[in-house]
Amino acid sequence: MNLLRPVLIALSQSARARQLVIHYGPMRKLARRFIAGETLDEAIAVVKELNRSGIQATLDHLGENVASEQDARRATEEYQHLAQRIAHEALQSSISVKPTHVGLDFGEDFCYSQLRAIVHTAQQFGLMVEVDMEGSAYTQATLNIVHQLLDHHCNLRVALQAYLYRTEEDLKHLITRGGSVRLCKGAYDEPSTIAWRSKKQVNASYARLMLMMLSEQALQNGFYPALATHDHHLILQAEREALRRNIAKDQFEFQMLYGVRRDWQRRLAMDGYRVRVYVPYGTQWYPYFMRRLAERPANVLFITRALIGG
Ligand SMILES: Cc1cc2nc3c(=O)[nH]c(=O)nc-3n(C[C@H](O)[C@H](O)[C@H](O)COP(=O)(O)OP(=O)(O)OC[C@H]3O[C@@H](n4cnc5c(N)ncnc54)[C@H](O)[C@@H]3O)c2cc1C
C-alpha cells in the first residue's frame, strides 16, 4: 500500500500547501509534466500534436469546488467557449468537466442546469462531454445528474471508479441504458466501508468491471467502453479479450493521462486502437497535480531529487 497517498490527497485540499506549491518556481516547472499549460492555446498545441500521432484528446479546463454560483457560471461559459474552439480548430477532442467546477456544491439542480448548457452547446458542435467522477460525497448526485441528462442527450460519458463497491450496480444501470462509461481505478482517498483499499483488490475489481463493459450484452446494447488506465496488465487483458471475442478496435477506447505512459499511448495508437489522452490546462492545477503525485510514490522521490538537485 502507498502510505503517502492519503497524506498527498489530504494536502491537495489544503489552502496553505496550495499557496506554497503554486508560487514555488521549481514545483510549477515539475507540474508541467502533467499539465498541458495554463492557457487554452498551450493546451490546443498539445492536442494538435496528439492528433497528428493518431491520438484523440479530452480537454479538461482545470477547476473544482468553486466558491460561488457566479464562479460556476463563469466556468460553464468557459466550457462553452472551449467547445466552440475545438470545433473551430477541427480538433479530435471531447471535453471533460468536474461537477464541482460547475457548481455541484450549490445543489444538484443548479449543477444540472450548468452541465445541461455545456452538453447542449457541445452537441451543436458534434462533441462529446465527459463527466469526471470526484470524491464519494458527490457520486450519487453526479449519477443523478448524468441519468437526467441521458434522458435528452447522448453525447455524454461518465467516469466510474473501480475502487467503489457500488460501481458494479452503477455500471449495470448504465450498460442497460446503452450509455458510455470511462472506467478508472479512482483517485481519491475513500474509507474501507465503501471502497477497496488494496491495489490487488482494486485491480481485481477493475478487471471484473472491464469484462462487463466488453461483454456481448453491453456492446449489443450500444454501450461504449472507455478504459482509462495505464496498468499494462489490464491493457493487455483488454486486448486479449477483444481479440478472443472479435471485438472491433473501434468498439471501445483506451484513455490515459497527459504525461503518463506516452510509450503505451503511442504503441496502442500504432496498433490501430482508439486512444484518448486527458489533457488538463489552466491555472487551477494544484489539486490535480497532487492527485497525480499521490498515484505513484516514485513521483515524490523524483520531485525530492529535482528540488534537492536544483
Ligand atoms: C483518462 C483518465 C481519466 C481519469 N478520470 C478520473 C476520474 O474522473 N475520477 C477519478 O477518481 N480518477 C480518474 N482518473 C485517475 C485514476 O482513477 C487513477 O488514479 C490513475 O489513472 C492511476 O491508475 P492506473 O489505472 O493508471 O493504475 P496504477 O496501478 O496506479 O498505475 C499503473 C502504472 O501506470 C503508471 N502511472 C499511473 N499513474 C501515474 C502517475 N500519476 N505518474 C506516473 N506514472 C503513473 C505507472 O507506471 C504505474 O505503475 C483518470 C485516469 C485516466 C487515465
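Trainee: Can you explain the site of the ligand? Please cite residues and give values.
Mentor: Contacts to the ligand come from 27 residues, most closely from Lys185, Gly186, Thr229, His230 and Glu295. Note that a nitrogen atom of the ligand is positioned 2.8 Å from one of the backbone N or O atoms of methionine 133. Here a nitrogen atom of the ligand and a backbone polar atom of arginine 292 are 2.9 Å apart. In isolation the ligand has 930 Å² of accessible area, and contact with the protein removes 89% of it. Here the ligand is seated within the largest pocket. Of all elements in the fold, only strand S4 (156-161), strand S5 (180-184) and strand S7 (253-257) reach the threshold of two or more residues within the shell around the ligand. It is S7 that contributes the most residues to the shell around the ligand, three residues altogether.

Trainee: So, the environment of glutamine 92: which residues are in play, and what are the values?
Mentor: Counting through the fold element by element, glutamine 92 comes out in the loop between helix H5 (69-88) and strand S2 (93-97). As for glutamine 92 and alanine 57, which are separated by 35 residues in sequence, their C-alpha atoms are 6.3 Å apart. Ignoring sequence-local partners within four residues, the contact set of glutamine 92 consists of Val47, Asn51, Gln56 and Ala57.

Trainee: Mind laying out helix H9 (residues 199-213), listing which residues take part and the relevant values?
Mentor: With 15 residues, H9 should reach 21 Å at 1.5 Å per residue; the first-to-last C-alpha distance of 21 Å fits that figure. Within the span of H9, buried status applies to Val202, Ser205, Tyr206, Ala207, Leu209, Met210, Met212 and Met213. Next to the buried residues of H9 lie helix H8 (167-176), S5, helix H10 (216-220), strand S6 (224-228) and helix H11 (232-244).

Trainee: A description of a nonpolar patch on the surface should follow, citing residues and the corresponding values.
Mentor: Where nonpolar side chains cluster on the molecular surface, the patch consists of Leu4, Val7 and Leu11 and spans about 220 Å² of accessible area. Within the secondary structure, valine 7 is located in helix H1 (residues 4-11). Here valine 7 falls in the partly exposed class, since its relative accessible area comes to 46%.

Trainee: Before we move on, could you go through the packing of helix H7 (residues 139-150) against H8 and cite the residues and values that matter?
Mentor: Two elements in contact, H7 and H8, have axes whose closest approach is 12 Å; the angle formed by their N-to-C orientations is 5°. One element, H7, and the other, H8, form an angle in the roughly parallel class. From H7, Thr139, Leu143, His147 and Leu150 reach across to H8, where they touch Asp170, His173 and Leu174. A per-class count over the contact of H7 with H8 returns three nonpolar, three polar and one charged.

Rules used in this analysis
- Think of each chain on its own: its residues are numbered from 1, step by step along the sequence as written.
- Thresholds applied to this predicted model are a pLDDT of at least 70 for local features of residues and 80 or more for the giving and counting of side-chain atom pairs; totals over whole chains, interfaces and linings are not thresholded and use all residues.
- No hydrogens and no water enter the side-chain calculation; it runs on all heavy atoms of the structure.
- Distances are taken per atom, and a residue is near a molecule or strand as soon as one of its heavy atoms is within 4 Å of it.
- Within 3.5 Å is the distance limit for a polar contact, defined as a pair of N or O atoms, with the added protein rule that one can donate a hydrogen and the other accept it, and that residues adjacent in sequence qualify only through two side-chain atoms.
- Areas reported here follow the Shrake-Rupley algorithm with a probe of radius 1.4 Å; residue values treat only the protein chains shown as occluding.
- A cavity here means a set of points on a 1 Å grid, drawn over the protein atoms and nothing else, where a 1.4 Å probe fits but cannot get out; a pocket is an open set with protein on both sides within 12 Å along at least five of seven lines, and a residue lines either one if it has an atom within 4 Å of a point.
- Here the criterion for a molecule occupying a pocket or cavity is that more than half of its atoms lie within 2 Å of the pocket grid points.
- Secondary structure counts use DSSP, requiring at least four H or I residues in a row for a helix and at least two E residues in a row for a strand, with both numbered from the N terminus.
- By definition, residues are in contact when any of their heavy atoms lie within 4.5 Å.
- What a helix is expected to span follows from its residue count: subtract one and scale by 1.5 Å.
- Each residue gets one of three labels from its accessible area relative to the maximum for its type: buried under 20%, exposed over 50%, partly exposed in between, using a 1.4 Å probe on protein chains only.
- Without a salt bridge and with relative accessible area above 30%, a residue can belong to a patch; like charges are then joined within 9 Å and nonpolar side chains (Val, Leu, Ile, Met, Phe, Trp, Tyr) within 5 Å.
- We define a salt bridge as a contact between a side-chain nitrogen of Lys or Arg and a carboxyl oxygen of Asp or Glu at a distance within 4 Å.
- Angles run from 0 to 180 degrees between N-to-C directions of axes, and those axes are lines fitted to C-alpha atoms, restricted for helices to the stretch in contact.
- Angles are sorted into four bins: roughly parallel if under 35 degrees, roughly antiparallel if over 145, roughly perpendicular if 65 to 115, and oblique for all others.
- Each residue receives one of three labels: charged for Asp, Glu, Lys and Arg, nonpolar for Ala, Val, Leu, Ile, Met, Phe, Trp, Tyr, Cys and Pro, and polar for the others, Gly being one of them.

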